[in-house]
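# Structural characterization, general
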Amino acid sequence: MQDTEQMKWALLIGTLAMLMMAFFVISFVIYYQKKKFEEEKKLNEIEKNYSKLLLDTALNSEETERRRIAQDLHDDIGTMLSLTKLSLNQLSKRITENGEKEDQIMRKAQSLVEETILHVRRITRELVPTTLERFGLAEAIDEFIHKLEEGNNLTICFQPGEEELPRQGQKIELTLYRIMQELVNNAIKHGQCSKIEISLEMSKDFIGLRVADNGIGFDPDMIKEGKLAGLGLLGIESRLAIVNGTVQYSKNATGGSTALTQIPMQAVSNSKPEPLHPFRRERVTL
Amino acid sequence: MLQKYLFYFQYDLLSSISVIITLVPITLIYQRKAYADPSFRLLLLFLLVKLIIDLLMFHCAATRVNNLVLFNVTIIFRYILMSGMFYYKFENKQVTKFIMPLSVGFSFFTLWDIWYCNPDILNLHLHQIVKYSLTVESLLMIFWILLYFKELIGSLKVPNLLTFPFFWICSGLLLYYSSLIFIAPTLHYATQWDVRLDIGLLDRIPYIFDIISITLISLGISLFSARYYARH
């Protein structure tokens, strides 16, 4: 009888111990999984921030390099070409007196130098969008499309929005400008379009840039499958990742495609953006 | 007959509830379309087998007929189907290749155990519960569950375990088998037809945890989403 009682107690204690262990295992799995997930999330966040920082640094370096090349073109090549033009003008006066053939060659040389000066100015402006930093995004886009229309059989409409877009941070404006450049270039190069519509849309929290074309268009699902990586779309996404922006592509019902970029509004700092021109580099006295 | 059933239902309320409660997860599996998942299909099969055998056992108990042969047979079905669920759930193929041979081995072991405990196998009136198989089944199932939990933690594929259906099914099974592991060997002596060992309320523990485990399994099934399953 006593043995049975002892056995019952032993069984009860053993069973309770096993049940406690089971409860402990279940609680531990829940707790450990939650903790490990939080750690993983933090680690991913750090990795994401680090990648973002690397990307930001790379893009900054690219912009700095563009600025340096523009400075060199403007200060060195530009100045030298201006001096060459001046010298040619002086030489031209002397040659005119001597012979017609030499005059023709001189005029050709002058014209070539003038053309080169124009090319250098264009390249300099393309490298560093000075209008963007001086007058803002709407004016910069306006200038860009006017220049583009000049040399192409293309109609580009630009709607800067109902309200005047307040100045944004330099990074935001530059990002939107570069994305606009990329999308327009894509529409011309790959979309084979004849008309492009660009619009700036402003909401309470976001600035939107919509670029629509009437070209051949593309299937947005192909981006997810990575089949359109060559269109510079990765570059667009990389730029957007830094400013927490998004981009959505869609196929138009009437043909062509539309890209809508949205970037969160950023408070404008009081400090004026650093001017690109006149360049700050100290001039070397010859 | 109905009176006998009603009388037995009132007489052994706990075991009767453990029979009826099986209808809850079965209904939920159909309602949530959980049968889309092969593991849940096996669970459904197990629950249907369990319900049929439990109803037969209820009928035998109500009519004072030894039903332990049905209980012994359930052990084989239960282990094959329950461990089969893990066959589909484990991602580590090194582990899954052991599940089927172990099921076959366990089935032969249980058959041997039944024959060992009941030398006169045709005498169903004095049929006894197996001595070792229940404990071995509990050990094996606890082993699979713990191994699955380890894989679950290691893979980090489930962001929130509390909304993961199979976690609750494993929890229910873990509690059930943990409650059974020590009591299982004594059931052989405590449930004999002629000379029985009185273990008091301890023989109620399997029923209590059967109800708890079925409740947790039902909770897990209720969290199942066919759309979520299709996406993954």
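Residues numbered from 1 in each chain as written. Chains lettered and ligands numbered in written order. Predicted model: local features only at pLDDT ≥ 70, side-chain atom pairs only at ≥ 80, totals over all residues. Heavy atoms only, no water.

As annotated in an unreviewed UniProt entry, chain A carries the name histidine kinase and comes from Dyadobacter psychrotolerans. Its UniProt record gives chain A a comment under Catalytic activity (unreviewed entry), which states: "ATP + protein L-histidine = ADP + protein N-phospho-L-histidine." (UniProt positions renumbered as here; feature names shortened; annotations may be inferred.)

Across the boundary between the two partners, chain B contributes 28 residues, which contact 20 residues of chain A. Interface area for chain B against chain A, summed over the two sides, is near 2200 Å², with a carbon-plus-sulfur share of 84%. On the chain B side of the interface with chain A, the three residues burying the most area are Ile 153, Leu 156 and Phe 182 of chain B, jointly 27% of the side's total. Across the contact surface, chain B and chain A share one residue pair in polar contact (both at pLDDT 80 or more). Only α7 (133–155), α8 (165–190) and α9 (205–222) of chain B provide two or more residues apiece to the side of chain B that touches chain A. For the side of chain B that touches chain A, the leading source of residues is α8 of chain B, giving 10 residues. Among the residues forming the side of chain B that touches chain A, the class breakdown is 21 nonpolar, six polar and one charged. (Contact = heavy atoms within 4.5 Å. Buried area = accessible area lost by both parts, 1.4 Å probe. Polar contact = N/O pair within 3.5 Å; in protein donor to acceptor, adjacent residues only side chain to side chain. Helix = DSSP H or I, 4+ residues; strand = E, 2+ residues; numbered from the N terminus. Nonpolar A, V, L, I, M, F, W, Y, C, P; charged D, E, K, R; others polar.)

Let's shift gears to the domain arrangement of chain A. Residues and elements named next belong to chain A. One can read the domain layout of chain A as domain 1 (1–128) and domain 2 (131–264). Put simply, the middle of domain 1 and the middle of domain 2, counted by C-alpha atoms, are 19 Å apart. Taken together, the contact between domain 1 and domain 2 spans 11 residues of the former and 11 residues of the latter. Taking both partners together, domain 1 and domain 2 bury about 960 Å²; carbon and sulfur atoms supply 46% of that area. Taken as a group, Lys 52, Leu 59 and Glu 63 account for 44% of the area that domain 1 buries against domain 2, more than any other trio of residues on that side. Where domain 1 packs against domain 2, one counts three salt bridges. The closest approach of N and O atoms between Lys 171 and Asp 56, which form a salt bridge, is 2.9 Å. One can count four residue pairs in polar contact (both at pLDDT 80 or more) joining domain 1 with domain 2. Contributing elements (two or more residues each) for the side of domain 1 that touches domain 2: α1 (2–98) and α2 (100–127). For the side of domain 1 that touches domain 2, the leading source of residues is α1, giving eight residues. (Domains from an automatic or database assignment. Salt bridge = Lys/Arg side-chain N within 4 Å of Asp/Glu carboxyl O.)

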